[in-house]
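Understanding the architecture of this molecule
In case you want the letters, here they are:
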Amino acid sequence: MKEAELLESLPSAIESCLRNVPKTSIKSVEREVIYPDGMSADLVVRLSVLGRERTLLFKTSAVGQPKRAREAVDHLSRLMLAQATRDAYPVFAAPFISDVSAAICRESGVGFFDLAGNCWLSLEDVYVERISPQNPYREKRDTVALFTPKSSRVLRTLLNEPKRTWQVQQLSKTAEVSIGLVSKIKRALEEREWIATGSGVIELVEPEAMLLAWADAYSYKQNRVSEFYSLESVADAEVAVAAWCRESGVPYALTGFSGARLSSPRVRYNRASIYVPSGVDSLALNTQLKSVDSGGNVLLLKPYDEGVFSGSQTRYDLRTVSPIQLFLDVRSMAGRGEEAAEELLIRELRPSWR
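As a starting point, this report considers the structure included with it. Here the residue index of a chain counts from 1 through its sequence in written order. Under the rules for a predicted model, residues below a pLDDT of 70 receive no local features and side-chain atom pairs below 80 are neither given nor counted, while totals for whole chains, interfaces and linings still include all residues. Hydrogens and water are ignored here; the side-chain numbers use all heavy atoms of the structure.

Details of helix H13 (residues 337-353)
The end-to-end C-alpha distance of H13 is 22 Å, a good match for the 24 Å that 17 residues give at a rise of 1.5 Å each. Bend at a given residue is defined as the angle between two axes, one fitted to the seven residues that end at that position and one fitted to the seven that begin there. We count a stretch as a helix when DSSP gives it H or I for four or more residues in a row; a strand needs E for two or more, and each element gets its number in order from the N terminus. Taking the largest bend as the criterion, H13 deviates by roughly 45°, centred on Leu345. Think of it in three bands: with a 1.4 Å probe and only protein chains considered, a residue is buried below 20% of the maximum accessible area for its type, exposed above 50%, and partly exposed in between. Those residues of H13 that sit buried are Gly337, Ala340, Ala341, Glu343, Leu344, Leu345, Leu349 and Trp353. Every residue pair with non-hydrogen atoms within 4.5 Å of one another is taken to be in contact. In the core, the buried residues of H13 are packed alongside helix H8 (207-217), helix H10 (256-263) and helix H12 (323-331). A helix is expected to reach a length of 1.5 Å times the quantity of its residues less one.

Dropping the structure here:
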């Protein structure tokens, strides 16, 4: 959405949000007001609140991510210092305002509105808060693009080496994606303040926020999942699959609860999950795995992207995916997957980010 469209739609969103506030109404709306000192407000809304006039000064943005919120807060702070606007109230507005952006506004004493009618105003004589999880203006296209297979290679590279600084060309080469895609993702990550880009390098500064957002958009079912049944124990089936892959020169990596139990002995599970990119039919024949439609105790996953093997590790003579990929997979699995992911986050990931 362009900012002109936002300005066109914003008055009705404000009216909707204030509709049930007693003795409060909109008296006037002005666009692009420039004050004598050269400072400007994108929108000036005058309210009648309990018979008293209050002025809302808006800074708008087509993007509601944290970087834009901080820029708006800075602009509004300077605007409020102007003599003519000293008694006004500053407000940030965007089509969709993220939770982090909303927190930035609250901490700075700046109100916010978005086009779903979510708002927060804390005036002397009125307090208004309306928060809805449903927002038709959420930046869906940007979010989906950030977590596509190729885009996620960039995120994976950053998360696998969280303390390293990168140049765009280095990141492009390591992630095996184009420089243009890295530049596009870099801008999106900057907007969310997940990375810092001072001195011409890229530095990961909010790994947990980035990983959790990726996990919310991810499911292990993005891989091609084939289900099998083994008469052997799950642990023995894992060893058999690993042995065949090593002898056949086929890469493999345990994931899900199979990988989580090697990280934490407390994990209990009854089904193996193993990435195998090729040779599944031959593997099944040689390890006595029987293909089933449901109820299997061995899942063989054909990777949605070869990046799942990036950063893989050997634990107890078995190859496992990286802690990052393991977190993504196990968190999306039923049967205490979130609990296993949380333990992985506490035991391994957070210490590696410190």
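Following the structure, the description resumes.
What about the side chain of Arg315?
Topologically, Arg315 is positioned in strand E16 (residues 313-315). A distance of 3.0 Å separates polar atoms of two side chains, one belonging to Arg315 and the other to Gln313. When near neighbours in sequence (up to four residues on either side) are disregarded, Arg315 contacts Leu262, Ser263, Thr320, Pro323 and Glu348. We define a polar contact as two N or O atoms separated by no more than 3.5 Å, with the added condition that, inside protein, one atom must be a possible hydrogen donor and the other a possible acceptor, whereas residues neighbouring each other in sequence contribute only through side-chain atom pairs.

Examining the pattern of salt bridges
Salt bridges are identified by distance alone: a Lys or Arg side-chain nitrogen within 4 Å of an Asp or Glu carboxyl oxygen. Under the defined criterion, the tally for this structure stands at 17 salt bridges. The salt bridge partner of Asp305 is Arg153, with a shortest N-O separation of 2.8 Å. In this pair, Asp305 sits in the loop between strand E15 (298-302) and E16 while Arg153 sits in helix H5 (residues 149-160), placing the two residues 152 residues apart along the sequence. Overall, Arg153 belongs to the buried group, its relative accessible area being 18%.

Observations concerning the nonpolar core
Within this scheme, the nonpolar core is defined by two criteria: the residues are buried Ala, Val, Leu, Ile, Met, Phe, Trp, Tyr or Cys, and they are joined through side-chain atoms within 4.5 Å. Counting 48 residues, the largest nonpolar core has Leu158, Leu211 and Trp214 as the members making the most contacts within it. The biggest single contributor to this core is H13, with six residues. The residues touching Trp214, leaving out its near neighbours within four places in the chain, are Phe147, Ser152, Leu155, Arg156, Leu159, Tyr304, Ile324 and Leu328. In terms of nonpolar packing, the next biggest core, distinct from the first, is built from 46 residues, Leu56, Leu79, Cys119 and Leu123 among them.

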